[in-house]
Amino acid sequence: MNGLRRVAVIIGYEWRRALAKKKFLAMVILVFAVQITGFVIFNHLLTNSPMGLEVPLEQIKPLIWTLEVLAPQGFFTVLIAIMIGGGSMSEEYEHGTADIILSKPISRIEYVAGKYLGGLSLFSFVAALTTVLGVALSIAFFSPQESLQFVPHIYLAVVYSNLVFLSLAFMFGEVLRRTSLALLSAIGVFIASTVISGILAVVHMITQEQIYLDVSKWLPDWCVVNFPDFVTKELNINVPLLGGMFGSTEEAEIFLAGALIAVYTIVFVVIAVVRIIRSDVTKKTA
Amino acid sequence: MSYKSVISVSNLTKFYGDFKAVDSVSFTVDKGTVYGYLGPNGAGKSTTIRTMLGLLKPNQGEVQIRGVNPTKDPVQALQCLGYAPELPNLQAFFTGKQLLDFIGKIFKLTTQDRKKRIKQLLELVGLKEWENKKIGKYSKGMVQRLSIALALINDPVVLIMDEPTIGLDPEAKTQFRNLFTTLSKQGKTIFLSSHLLDEVQRICTHVGMINKGKMVFTGSIGQVLETFTQQWVVEAELEKVTKTIVSSLKKFGYVEDVKVEGNRLKIKLKEKKDLRGEISSEIFKQKGVILSLNLHKITLEDAYMRALKEGQ
């Protein structure tokens, strides 16, 4: 019970630490700005359809909230997850503040759990804000909206899928103990994974060999980017633009994506935990 | 839990890669003791302290705080302990009050206890007016004061302080030295690493000396002075120093050497005896006028330098 209390104290601490960072706040504001800009573009496209582009306006309008909620997914939400996870452990070593906390009666497991859960809850909060903003804008400008009972499902799918890069950045932060290196490594993995997926998709188009698509599914970006879309489709929310954006889905793929997210997350978190338990607390490094 | 010593370090060895930072260090600190941990830069003092706190994992040996190993059970071992690091890096986004509150929560203090304790401590360290200012705006001395307050938030039984008065103004130094003495009288055990030997001699009851990772000496202040005292010195200030006075003193069997520094004589004695009577009669005989005559046995600094030299 006392251990849980200490974990809760560290969660609260992690929130304060993150919210005190101007870089983090700027990133969140940027995501909101992108979301609002996206909304303006959608609004323009739907009301002034360009020549040659046939948009099924009446079908999209009642479900526009799904596009709004999922718009930042796959890039901006991943960047926020990386930003939260990457600095969580490493900044404490760089600033020398890890000493202050770990010289107090708290176990390293409690500390790392509080740090991780603090980062996760913070990310969940930011994702909730973007979800609420997307839904609110859609209702305000394109009401009535349909299938709003599934907002929590899609929100949870977004949070769950982003566990992969949140955990990857968290692990890099603990292993490398340098924030810039951790952020670069995690972003590097994300970009490399996206680029390789793209190349494999192109090779698949040329050769029609299924193996290339199958291989791309094991890259971390596949499950992260596609899982919320798969969930949306599983809920029978059929937005025409969404189908075009993400391609067709087999039922088994939602389970594969979900399982891969769980496996990646567990592996990254376990590496971070083993590292902090087995190693020394390094002195100020920045 | 039963334990003999409040702090027990046995056969502690710590490597950084191939470099042996601490080499088979052993010492114990008993209840109510003020233990000064001395050594030059890079001697292994901070490594020892960080291992005592469980921040570093020893390659060999063991540390126990009140019978509990902080590496194995930090929650129990550190519950009764307060730590003030050297040149602390505190969370700059907190105010002083918020940081004390946060650390108080880790120590499981109740809201009421934290409120009361924070008020007391901020007054004690002279930061009451700065309690709601961000730590990022504090001066080095203020950070040091806050660090000492942090170390006291849980009313600890054992205090570990790494150069606690560094960066403090002379008035604050005196204030904190008095505080440490008061805490020691209350039965708290204090482990203090310092470069300021006169400070250690004034506050500490026991000392440990470390050089190049090896323990050179551990014992009471009296023991260290006794162990490393080779000779006593009589310092005489005269109205005028003459050659006859110097040569007559040199002829004495108990005088090893006489040095002249202006109108002062530094007379090194062969034996550890107070021979001021004999020396003053000899100076009078040679018609010298004595302004002052003092016997210097040995300072902690002398003992420290000698200990390091012998330890090499």
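(A) Up close: the confidence of the model for chain B. Of all residues in chain B, 97% have pLDDT values of 70 or greater, and the mean over the chain is 89. This prediction of the complex comes with two scores: 0.86 for pTM and 0.87 for ipTM.

(B) Quick look at the interface of chain B and chain A. Each partner contributes to the interface: chain B provides 26 residues, whereas chain A provides 32 residues. Buried surface at the junction of chain B and chain A, both sides included, amounts to about 2,700 Å², of which 64% is carbon and sulfur. Interface area lost by chain B to chain A is led by B:L55, B:N89 and B:I106, which between them contribute 23%. Taken together, chain B and chain A are joined by two salt bridges. Between B:K14 and A:D280 there is a salt bridge, with the nearest N and O atoms lying 2.6 Å from each other. Scanning the region where chain B abuts chain A turns up nine residue pairs in polar contact (both at pLDDT 80 or more). Contributing elements (two or more residues each) for the side of chain B that touches chain A: α1 (45–52), α2 (74–78) and α3 (96–106) of chain B. Considering each element in turn, the side of chain B that touches chain A owes the most residues, five residues, to α3(B). Here the side of chain B that touches chain A is composed, by residue class, of 15 nonpolar, six polar and five charged.

(C) Structural context of the nonpolar core. With 152 residues, the main nonpolar core has B:I7, B:F27, B:F102 and B:F191 as its most contacted residues. For B:F102, the residues in contact, after removing those within four places along its chain, are A:V9, A:I10, A:Y13, A:I101 and B:F94. With 18 residues, the next largest nonpolar core counts B:A236, B:V255, B:I267 and B:L295 among its residues.

(D) Structural context of the confidence of the model for chain A. Averaged over all residues, the pLDDT of chain A equals 88, while 91% of them reach at least 70. In the model of chain A, helix α13 (residues 240–246) of chain A stands out as the element of lowest mean pLDDT, 51, in contrast to helix α9 (residues 163–176) of chain A, which has the highest, 97.

(E) The domain arrangement of chain B, seen in detail. If you check the domain split of chain B, you get domain 1 (5–227) and domain 2 (233–296). Its C-alpha centre places domain 1 of chain B at a distance of 45 Å from the equivalent point of domain 2 of chain B.

(F) The sheet that holds strand β4 (residues 60–65) of chain B, seen in detail. Residues and elements named next belong to chain B. What the three strands build is an open sheet, ordered β2-β1-β4; its pairing is antiparallel. Looking along the sheet, the strands with just one partner apiece sit at the ends: β2 (19–29) and β4. When the angles between neighbouring strand axes are averaged without regard to direction, this sheet yields 20°. In this structure, strand β1 (residues 7–16) lies alongside β2, joined through seven bridges in antiparallel fashion. In the strand pairing of β2, V9 is matched with F27. The strands touched by α1 are β1, β2 and β4; relative to β1, the strand with the most contacts, the crossing angle is about 115°.

(G) Structural view of the packing of aromatic side chains. Considering all chains together, one arrives at 19 aromatic pairs over all chains under this definition. The interplanar angle of 15° and the centroid separation of 5.3 Å between the aromatic rings of B:F27 and B:Y35 together place this pair among those described as stacked. For B:Y35, a relative accessible area of 2% corresponds to the buried category. Seen in terms of ring centroids, B:W130 and B:Y138 are 5.8 Å apart; in terms of plane orientation they differ by 90°. Their pairing is edge-to-face. With relative accessibility at 31%, the residue B:W130 sits in the partly exposed group. Its relative accessible area of 8% is what places B:Y138 among the buried residues. Taken together, the ring pairs connect A:Y13, B:F93, B:F94 and B:F102 into an aromatic cluster. Cation over ring: A:R177 sits above A:Y93, and NZ or CZ is 4.1 Å from the ring centre.

(H) Focus on the side chain of B:E199. Tracing the backbone through its elements, the reader meets B:E199 in helix α7 (residues 197–203). What B:E199 contacts, discounting residues up to four positions off in sequence, is B:T165, B:R177 and B:S194.

(I) Examining the pairing of strand β3 (residues 34–38) of chain B more closely. Residues and elements named next belong to chain B. Counted residue by residue, β3 has five buried out of five residues, so it is predominantly covered. Burial along β3 is two-sided: V34, G36 and L38 facing one way and Y35 and Y37 facing the other are all buried. Relative to strand β7 (residues 189–193), β3 is paired through four bridges, and the arrangement is parallel. Bridge pairing in β7 links V34 to I190. Summarising the sheet, β3 and strand β8 (residues 206–211) pair through four bridges and their orientation is parallel. Paired with L38 across the two strands is M209, which belongs to β8.

Rules and cut-offs
Residues numbered from 1 in each chain as written. Chains lettered and ligands numbered in written order. Predicted model: local features only at pLDDT ≥ 70, side-chain atom pairs only at ≥ 80, totals over all residues. Heavy atoms only, no water. pLDDT = per-residue confidence, 0-100. Contact = heavy atoms within 4.5 Å. Buried area = accessible area lost by both parts, 1.4 Å probe. Salt bridge = Lys/Arg side-chain N within 4 Å of Asp/Glu carboxyl O. Polar contact = N/O pair within 3.5 Å; in protein donor to acceptor, adjacent residues only side chain to side chain. Helix = DSSP H or I, 4+ residues; strand = E, 2+ residues; numbered from the N terminus. Nonpolar A, V, L, I, M, F, W, Y, C, P; charged D, E, K, R; others polar. Core = buried A, V, L, I, M, F, W, Y, C linked by side-chain atoms within 4.5 Å. Buried < 20%, exposed > 50% of the residue type's maximum accessible area, 1.4 Å probe, protein only. Domains from an automatic or database assignment. Pairing = 2+ DSSP bridges. Axes fitted to C-alpha atoms, helices over the stretch in contact; angles between N-to-C directions. Phe/Tyr/Trp six-rings, centres within 6.5 Å; stacked < 30°, edge-to-face > 60°. Lys NZ or Arg CZ within 6 Å of the ring centre and 35° of its normal.

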